[in-house]
Amino acid sequence: MASDSTWRSQGAAKRQAILDAIPEKWRLQDPIPAATKVPDVTGAYIQQYLSEREIEITESDAVDIVEQTTSGRWSAVEVTEAFCHRAALAHQLVSCLHEIFFDAAIEDAKKLDAYFAEHNTPIGPLHGLPVSLKDQFHVKGVETTMGYVGWINTFQGHVNDPRRATEESELTRELRALGAVLYCKTSVPATLMAGETVNNIIGYTWNPKNRLLSCGGSSGGEGALIALRGSPAGFGTDIGGSVRIPAGFNSLYGLRPSSGRMPYQGAANSMDGQNSILSVIGPLAATARSLTLLFKAVLSQQPWYHDPLALELPWRDEIVQETRSWIERAGTGVPSLAFGIMRYNGVGRIHPPIARGMKLVEQTLRRLGHQVIAWDPPSHATAHGIAGKIFNLDGGVDMRHHFGLSGEAKAPQVLVSEEGTELKASEISAINIAKREYQKQYMDYWNSTVELTGTGRPVDGFFCPLASHAAVIPGQYGDVGYTSFVNVLDYTSIAIPVTFADRTVDVSPAGTPASELDDEIEWDYDAKTYDGAPVGVQLVGRRLQEEKILTIVEHIGKEIGQDSK
């Protein structure tokens, strides 16, 4: 085991190497203002370092970008260079990158432009689109540390393993085949099991909208980078909320699909082999339609022929068309879509901005003519308890091993125990039975709502918070109960941006006795510090209903945005 000074120096050296990979022309010369003076570095702040052309490119969403690059109107090189520049700025502002390979990306972009010049057609539907990756995905010639000091200069902690330079994750391979340009890998909390992003390599990844707050976790670097428009879209992973939490904390959209729809083959992971709750891959982006673009593109690669856990389930246009027909019926007097609303999970009292966000969602649904019912399912506390047991099945063996490679310290934000007891097979079986029984209870409850919707169908989905708070104060992310129940059920879920915390609005009504205030709301919260924090919610659909939920969110997300202004 290395000494304290050794792992600290190793982490510091890697941290400096990341900064050194930024071209000199893109390094900030003046000191970055303190977060207390300039909390928000999005929008006009980061734009001051960019040309008008770079702003035009980087503030286009993924769909608009590929319309330009697949038609030859924008070159892949120009687009790639613009996002590399903005990503370099983003890292210097909030520490969101683990790996930078801009030179390789620009060379790849040149090949794409040469192909288009010769054939007058794009390589694929993502031709020339820069895509960022959470630091779990292997890229040829690029290191994967996953936030562990002990993984530096190794392959997942194994010294001299030649795969580091030659093998790529299945998702990486498919993105290249689609014409995407890979250029950076983003920060994660070591272990991945945290609602904040912190490790002993890059330190803490901050929220671009308010640098006094967290960007979320574990796909926190993705959330922060995309919030600063240093990436038009990227991929994270989600085992307890790790795509949806950073999406919500950074005013983005983020998809948690059901297991088997996205290829996980060849990606690094914590507790690899734990299959009671599978980690899944999902995209994050500034617009809902960008999620659809990436999800549909990856499915076109038929990942079920390359990943033994991927389901042979192509993109289903018929579900999209059926869902759109229901949307169009809203407000006509003909039964259309119906949704449940659940503000409170019975465990974590919500902060005022979250309560206001949920009310905005309900108002939008009613304005659009959709049916709304109260969602009162089997206890989410039960699901949270099941998830907690599963996340600690190995008693911390995996965590102790990987921290032990360097002797580094575990961050307090990690939500799993380092001191547990490894469970026996019979104990794991009992947990799996409890999970299956809970899934059946939830299924039966969902089916029962057919009596309440008026559409002749059970609810089409339900809305609930992503966390009890908005983008959180560092060290205060308590539990993942508002998101982990989805993983227990293996349902489809999408994070949706709604509004921002407001210190002048999100306060208890003046002169109202405490006994008359909503006891589901935690009024004793730091309104000043949370001011400006992004507020997101999630729409939850049934298992494998990605096409349906993506279609609904493309429609409703824009409408919620209008109502929140």
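Small disclaimer: the values here were computed from a predicted structure and weren't measured. (Residues numbered from 1 in each chain as written. Predicted model: local features only at pLDDT ≥ 70, side-chain atom pairs only at ≥ 80, totals over all residues. Heavy atoms only, no water.)

## Digging into the overall build of the protein chain
Right, on to step 1. Per the secondary structure count, the protein chain includes 20 helices and 15 strands.
Right, on to step 2. In terms of overall dimensions, the protein chain is globule-like: its C-alpha atoms have a radius of gyration of 23 Å, near the 24 Å expected for 565 residues.
Right, on to step 3. Summarising its shape, the C-alpha atoms of the protein chain cover approximately 60 × 55 × 55 Å along the three principal directions.
Right, on to step 4. Considering only contacts in the protein chain between residues 6 or more positions apart, those separated by 24 or more positions represent 81%.
Right, on to step 5. Summed over all atoms, the accessible surface of the protein chain reaches about 21,500 Å², with 49% contributed by carbon and sulfur.
Right, on to step 6. Here the protein chain contributes 50 positive and 67 negative side-chain charges, whose respective centroids are spaced 1 Å apart. (Helix = DSSP H or I, 4+ residues; strand = E, 2+ residues; numbered from the N terminus. Rg over C-alpha atoms; globule rule 2.2 N^0.38 Å. Contact = heavy atoms within 4.5 Å. Areas by Shrake-Rupley, 256 points an atom, 1.4 Å probe, with all protein chains shown as cover. Lys, Arg positive; Asp, Glu negative; His and termini not counted. Charge placed at Lys NZ, Arg CZ, Asp CG, Glu CD.)

## Examining the pairing of strand E15 (residues 534-541)
Right, on to step 1. Counting buried positions along E15 gives 8 out of 8 residues, so the element sits mostly inside the fold.
Right, on to step 2. Burial along E15 is two-sided: Pro534, Gly536, Gln538 and Val540 and Val535, Val537, Leu539 and Gly541, pointing in opposite directions, are all buried.
Right, on to step 3. Two strands pair when backbone bridges link them, and strand E13 (residues 461-465) and E15 are joined in this way by 4 bridges, in the antiparallel orientation. Pairing of Pro465 across the sheet is with Val537, part of E15.
Right, on to step 4. Pairing analysis gives 8 bridges linking strand E14 (residues 492-500) to E15, with the strands arranged antiparallel. Each bridged residue has a counterpart across the sheet, and for Ser493 the counterpart in E15 is Val540. (Buried < 20%, exposed > 50% of the residue type's maximum accessible area, 1.4 Å probe, protein only. Pairing = 2+ DSSP bridges.)

## Things to note about the packing of aromatic side chains
Right, on to step 1. Here the structure, examined in full by the defined rule, presents 21 aromatic pairs.
Right, on to step 2. Ring plane angle 40° and centroid distance 5.3 Å describe the contact between Tyr148 and Trp151, whose orientation is recorded as tilted.
Right, on to step 3. Under the relative-accessibility criterion, Tyr148 is labelled buried at 0%.
Right, on to step 4. Ring centres 5.7 Å apart and planes at 65° place the aromatic pair Trp446 and Phe462 in the edge-to-face group. (Phe/Tyr/Trp six-rings, centres within 6.5 Å; stacked < 30°, edge-to-face > 60°.)

## Thoughts on the confidence of the model for the protein chain
Right, on to step 1. Residues with a pLDDT of 70 or more make up 97% of the protein chain, whose mean pLDDT is 95.
Right, on to step 2. Per-element confidence in the protein chain is highest for strand E2 (residues 130-134), whose mean pLDDT is 99, and lowest for helix H7 (residues 163-166), whose mean pLDDT is 60. (pLDDT = per-residue confidence, 0-100.)

## Quick word on the pairing of strand E7 (residues 210-214)
Right, on to step 1. Taken across its 5 residues, E7 has 4 buried, putting it largely inside the fold.
Right, on to step 2. With antiparallel pairing between neighbouring strands as the criterion, strand E6 (residues 206-207) and E7 make up a hairpin whose turn holds 2 residues.

## A look at the sheet that holds strand E11 (residues 338-341)
Right, on to step 1. If you trace the 11 strands from one edge of the open sheet to the other, you get E1-E3-E2-E8-E10-E9-E14-E15-E13-E11-E12, paired in mixed fashion. Every other strand in the sheet has two partners, leaving strand E1 (97-100) and strand E12 (371-374) as the edge strands with one partner each. Strand after strand, the sheet turns through a mean of 25° between neighbouring axes, direction not considered.
Right, on to step 2. Of the strands in this sheet, E11, E12, E13, E14 and E15 are in contact with helix H13 (residues 352-367), which crosses E14 at around 105°. (Axes fitted to C-alpha atoms, helices over the stretch in contact; angles between N-to-C directions.)

## A short note on unusual backbone geometry
Right, on to step 1. The amide bond that connects Gly217 to the next residue, Ser218, takes the cis arrangement and shows omega of 5°.
Right, on to step 2. Relative to the helices and strands, Ser218 resides in the loop between E7 and helix H9 (220-227).
Right, on to step 3. For Asn153, which is not a glycine, the phi torsion comes out positive at approximately 60°.
Right, on to step 4. Of note, Asn153 is situated in the loop between E2 and H7.

## What about the pattern of salt bridges?
Right, on to step 1. Using the criterion set out here, one finds 30 salt bridges in the structure.
Right, on to step 2. A salt bridge links Asp490 to Arg256, with the shortest nitrogen-to-oxygen separation between them at 2.9 Å. Within this pair, whereas Asp490 is found in the loop between helix H18 (481-489) and E14, its partner Arg256 is found in strand E9 (residues 253-256), the two being separated by 234 residues in sequence. Exposure class is identical for Asp490 and Arg256. Each is buried.
Right, on to step 3. Beyond isolated ion pairs, a larger network of salt bridges with shared partners links Arg261, Arg316, Glu546 and Glu547. (Salt bridge = Lys/Arg side-chain N within 4 Å of Asp/Glu carboxyl O.)

## A short note on helix H20 (residues 546-563)
Right, on to step 1. When the terminal C-alpha atoms of H20 are compared, their 25 Å separation across 18 residues agrees well with the 26 Å that a helix rising 1.5 Å per residue should span.
Right, on to step 2. Along H20, the helix axis deviates most sharply at Glu554, where the bend reaches about 30°.
Right, on to step 3. Listed in full, the buried residues belonging to H20 are Glu546, Glu547, Lys548, Ile549, Leu550, Thr551, Ile552, Val553, Ile556, Gly557 and Ile560. (Expected span 1.5 Å × (residues − 1). Bend = angle between axes of the 7 residues up to and from the residue.)

## Regarding the side chain of Gln274
Right, on to step 1. Examined against the element boundaries, Gln274 turns out to sit in the loop between E9 and strand E10 (280-285).
Right, on to step 2. Relative accessible area serves as the criterion here: at 14%, Gln274 is assigned to the buried category.
Right, on to step 3. Side-chain polar atoms of Gln274 contact the backbone nitrogen of Ser276, separated by 2.6 Å.
Right, on to step 4. Here the side chain of Gln274 touches Ile277 through a polar contact of 2.9 Å, landing on its backbone nitrogen.
Right, on to step 5. Apart from the residues lying within four places of it in its own chain, the contact partners of Gln274 are Ile239, Ile390 and Leu393. (Polar contact = N/O pair within 3.5 Å; in protein donor to acceptor, adjacent residues only side chain to side chain.)

## Points about the nonpolar core
Right, on to step 1. Core analysis: the biggest nonpolar cluster contains 103 residues, and Phe102, Leu126, Leu175, Tyr183, Phe235, Phe463 and Ile496 have the highest contact counts within it.
Right, on to step 2. Counting residues per element, this core draws most heavily on helix H5 (residues 76-94), at 12 residues.
Right, on to step 3. Of all hydrophobic cores here, the second largest spans 38 residues; its members include Ile239, Ala268, Trp375 and Val416. (Core = buried A, V, L, I, M, F, W, Y, C linked by side-chain atoms within 4.5 Å.)

## As for the packing of H5 against helix H6 (residues 102-119)
Right, on to step 1. Their axes nearest at 8 Å, the elements H5 and H6 cross at an angle of 160°. In terms of axis orientation, H5 runs roughly antiparallel to H6. Between H5 and H6 the crossing geometry is right-handed. Of H6, the residues touching H5 (which contributes Ala76, Val77, Thr80, Glu81, Cys84, Ala87 and Ala88) are Phe102, Ala105, Ile106, Ala109, Lys110, Leu112 and Asp113. (Parallel < 35°, antiparallel > 145°, perpendicular 65-115°, else oblique. Left-handed = near helix turned anticlockwise from the far one by under 90°.)

## Notes on the packing of helix H11 (residues 288-299) against H20
Right, on to step 1. Look at H11 against H20: their axes get within 8 Å of each other, and the N-to-C directions meet at 155°. One element, H11, and the other, H20, form an angle in the roughly antiparallel class. Crossing handedness for the pair H11 and H20: left-handed. Contacts between H11 and H20 pair Ala288, Arg289, Leu291, Thr292 and Phe295 from the former with Glu546, Leu550, Val553 and Glu554 from the latter.
Right, on to step 2. For the contact of H11 with H20, the residue count by class is 5 nonpolar, 1 polar and 3 charged. (Nonpolar A, V, L, I, M, F, W, Y, C, P; charged D, E, K, R; others polar.)

## A closer look at the environment of Arg256
Right, on to step 1. Given the relative accessible area of 1%, Arg256 is considered buried.
Right, on to step 2. A sequence separation of 14 residues divides Arg256 from Ser242, and the C-alpha atoms of the two residues are 8.7 Å apart.
Right, on to step 3. The contacts of Arg256, once residues within four sequence positions are left out, are Asp238, Arg244, Leu278, Val280, Val486, Asn487, Asp490, Tyr491, Thr492 and Ser493.
Right, on to step 4. Within the local environment of Arg256, its side chain forms a polar contact with the side chain of Asp490, the two groups lying 2.9 Å apart.
Right, on to step 5. Within the local environment of Arg256, its side chain forms a polar contact with the backbone oxygen of Tyr491, the two atoms lying 2.8 Å apart.

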